[in-house]
Amino acid sequence: MKRTAFLISFLLILLSSAIDSMATVSLSNPMQLKKGEVYDFGIVDGNAVEIEVTGAMASNRDKSGIGKNSWGIGWNSENGERYEIRLSWGNTDFSSLTDTRFLRLTLSRGEEILTSEDLTRGVDLHKGSNSLKIKLFGDGEIKWTIGSDGLAAAGSMELPGSPDLNSLFLFCEGTSLEITRLIFRGIKDENLGIMTIYDSPEKFPVPDDISTSPEGIWVFLDRETDPKWARLGGQYKLGILGDPLTGNYDIIYLEGAVSNSGKWKAGMKKGSLISTPFIQHYDLEWHDAMHEKIGKDEECWASLNDDGSILTLNFPLEHSVLRFYRPTKE
């Protein structure tokens, strides 16, 4: 299977916007993707990606069952599983009077079919063009639309694995794919979680001296909150990891979200502890349940107690305090 970098294989136009921090790649001329070829889209500048492809198969005849011709968009998850959304064609009862031609859209993980839909209207069933558009988010959500002249179907799903947005590729099988439109752009959305590879407790080291370092695992202990000002987003389990280059610490979400829980995945960045001249005292940046960032402007700060067993997060303008403890075993 031939694999070539998309960005250098064809004449492409790269447009950038400093306002919305998006990068868009689009075709300057129609192109052909040959049978069995795979083309990488390249590096994504953002925490979500949007891809739109309009293409037609070079040949696509009626035949019994599902034909060999198909094309689609694939990617890998952070743990290496392959996902793909694929368009293929088939007939319900070939050569009979009751036969119906259909386009099948399938979303799969490896050999497992996550969802599938057979379409007979609003899509081209032979050699004409169909447009497939997906929006894939770093937290694992995918949205898609499909149609020929207009919208024939749309769907969305929370995927079981977080995607590696730099692994996206276009593929075709059975025959070549004539592509007349392609748009690929990375999106920087501040309301989406920033994924890391630190998604389980064993990935967080325990410091030699816990009284001077917040690194490790922290479990929700209690709170002091005023419901007029703030609501608890969940009883979180967090991991904290130091950055030797800056001397600061990343706070990573592991579990426990209640508010907006569908948008939180283990491994997402939850905030930062920024070192100060004072031992056991830190400036705090925090991503709330809706992924809104609060920090210096809100006078947030954090501290360790004397023996390093309790971490306190203070949100003065929200009249809120959260406390976490180190579990004895993980």
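First things first, this report covers the structure right here in the doc. Note that the structure is a prediction, hence the values are computed from the model and not measured.

Conventions we followed
- Residues numbered from 1 in each chain as written.
- Predicted model: local features only at pLDDT ≥ 70, side-chain atom pairs only at ≥ 80, totals over all residues.
- Heavy atoms only, no water.
- Helix = DSSP H or I, 4+ residues; strand = E, 2+ residues; numbered from the N terminus.
- Buried < 20%, exposed > 50% of the residue type's maximum accessible area, 1.4 Å probe, protein only.
- Contact = heavy atoms within 4.5 Å.
- Areas by Shrake-Rupley, 256 points an atom, 1.4 Å probe, with all protein chains shown as cover.
- Phe/Tyr/Trp six-rings, centres within 6.5 Å; stacked < 30°, edge-to-face > 60°.
- 1 Å grid on protein atoms, 1.4 Å probe; cavity = no way out; pocket = protein on both sides within 12 Å on 5 of 7 lines; lining within 4 Å.
- Points joined across faces, edges and corners; volume = space filled by probe spheres on them.
- Nonpolar A, V, L, I, M, F, W, Y, C, P; charged D, E, K, R; others polar.
- Pairing = 2+ DSSP bridges.
- Salt bridge = Lys/Arg side-chain N within 4 Å of Asp/Glu carboxyl O.
- Patch = residues over 30% accessible without salt bridge, like charges linked within 9 Å, V, L, I, M, F, W, Y side chains within 5 Å.
- Lys, Arg positive; Asp, Glu negative; His and termini not counted.
- Charge placed at Lys NZ, Arg CZ, Asp CG, Glu CD.
- Core = buried A, V, L, I, M, F, W, Y, C linked by side-chain atoms within 4.5 Å.

Details of the overall build of the protein chain
Phase 1 of the analysis: Each helix and strand counted, the protein chain has 1 helix and 24 strands in total.
Phase 2 of the analysis: Of all 330 residues assigned to the protein chain, the portion counted as buried reaches 45%.
Phase 3 of the analysis: Within the protein chain, contacts between residues separated by at least 24 positions form 59% of all contacts whose residues are at least 6 apart in sequence.
Phase 4 of the analysis: When the accessible surface of the protein chain is split by element, carbon and sulfur atoms take 50% of a total near 16,600 Å².

Let's talk about the packing of aromatic side chains
The description of an aromatic ring pair uses the distance of the two centres, along with the angle that the planes make with each other.
Phase 1 of the analysis: A complete count under the given rule lists 10 aromatic pairs for this structure.
Phase 2 of the analysis: The interplanar angle of 5 degrees and the centroid separation of 6.0 Å between the aromatic rings of Trp-75 and Tyr-83 together place this pair among those described as stacked.
Phase 3 of the analysis: The class of Trp-75 is buried, set by a relative accessible area of 0%.
Phase 4 of the analysis: Tyr-83 gets classed as buried once you look at its relative accessible area, which sits at 0%.
Phase 5 of the analysis: The interplanar angle of 85 degrees and the centroid separation of 5.9 Å between the aromatic rings of Tyr-236 and Tyr-253 together place this pair among those described as edge-to-face. Taken together, the residues span a long stretch of sequence, with Tyr-236 in strand β17 (residues 234–242) and Tyr-253 in strand β18 (residues 249–257) at a distance of 17 residues.

Regarding the side chain of Ser-303
Phase 1 of the analysis: In this fold, Ser-303 is placed in strand β22 (residues 301–304).
Phase 2 of the analysis: Overall, the relative accessible area of 16% leaves Ser-303 in the buried class.

Regarding the layout of surface pockets
Phase 1 of the analysis: Put simply, the second largest pocket is a space of about 360 Å³.
Phase 2 of the analysis: Lining the second largest pocket are 18 residues, and of these Ala-230, Arg-231, Gly-233, Trp-286 and Asp-288 lie nearest its centre.
Phase 3 of the analysis: Considering only residue class, the lining of the second largest pocket consists of 9 nonpolar, 5 polar and 4 charged.

Notes on unusual backbone geometry
Phase 1 of the analysis: If you check the backbone angles, Asn-260 has positive phi at about 55 degrees while not being a glycine.
Phase 2 of the analysis: Structurally, Asn-260 can be placed in the loop between β18 and β19 (269–275).
Phase 3 of the analysis: Note on Asn-260: relative accessible area 26%, which makes it partly exposed.
Phase 4 of the analysis: Phi is positive for His-319, which is not a glycine, with a value near 55 degrees.
Phase 5 of the analysis: Summarising the element assignment, His-319 is placed in the loop between β23 (310–315) and β24 (320–325).

Comments concerning the pairing of strand β7 (residues 65–76)
The side chains of a regular strand alternate between the sheet's two faces.
Phase 1 of the analysis: As paired strands, β7 and strand β8 (residues 82–91) are joined by 9 bridges and run antiparallel to one another. Bridge assignment links Trp-71 to a residue of β8, and that residue is Leu-87.
Phase 2 of the analysis: The antiparallel hairpin formed by β7 and β8 contains 5 residues in its connecting segment, where Gly-80 sits at a positive phi of about 95 degrees.
Phase 3 of the analysis: Relative to strand β14 (residues 169–173), β7 runs antiparallel, the two being bridged by 5 bridges. By the bridge assignment for β14, Gly-74 is matched with Phe-169.

Quick notes on the pattern of salt bridges
Phase 1 of the analysis: Scanning all chains against the criterion turns up 14 salt bridges.
Phase 2 of the analysis: The salt bridge involving Glu-50 is made with Arg-185; its shortest N-O contact spans 2.8 Å. Of this pair, Glu-50 sits in strand β6 (residues 48–57) while Arg-185 sits in strand β15 (residues 177–187), placing them 135 residues apart in sequence.
Phase 3 of the analysis: Relative accessible area serves as the criterion here: at 13%, Glu-50 is assigned to the buried category.
Phase 4 of the analysis: Owing to a relative accessible area of 24%, Arg-185 belongs among the partly exposed residues under this scheme.
Phase 5 of the analysis: In this structure, Glu-158 and Lys-265 form a salt bridge, with 3.8 Å as the shortest nitrogen-oxygen distance. Of this pair, Glu-158 sits in strand β13 (residues 153–158) while Lys-265 sits in the loop between β18 and β19, and the two are 107 residues apart along the sequence.
Phase 6 of the analysis: Connected through shared salt-bridge partners, Arg-82, Glu-84, Arg-86 and Glu-173 make up one network.

Brief notes about a positive patch on the surface
Phase 1 of the analysis: A cluster of basic residues, Lys-35, Arg-61, Lys-63 and Lys-68, forms a positive patch on the protein surface.
Phase 2 of the analysis: Structurally, Arg-61 is set in the loop between β6 and β7.
Phase 3 of the analysis: Exposure remark for Arg-61: the relative accessible area of 73% places this residue in the exposed category.

Regarding the side chain of Glu-215
Phase 1 of the analysis: Within the secondary structure, Glu-215 is located in the loop between β15 and β16 (216–224).
Phase 2 of the analysis: Among buried Asp, Glu, Lys and Arg side chains, Glu-215 stands out as unpaired, with Arg-326 the closest opposite charge at 8.2 Å.

Regarding the nonpolar core
Phase 1 of the analysis: In terms of nonpolar packing, the biggest core is built from 39 residues, with Trp-71, Ile-73 and Trp-75 touching the most fellow members.
Phase 2 of the analysis: In this structure, Tyr-249, Ala-257, Ala-302 and Leu-313 belong to the second largest nonpolar core, which totals 26 residues.

Structural notes on the environment of His-291
Phase 1 of the analysis: Residue position: His-291 is located in the loop between β20 (281–287) and β21 (293–294).
Phase 2 of the analysis: Taking the relative accessible area as the measure of exposure, His-291 reaches 4% and is therefore buried.

Shape descriptors only; they carry no functional weight alone.
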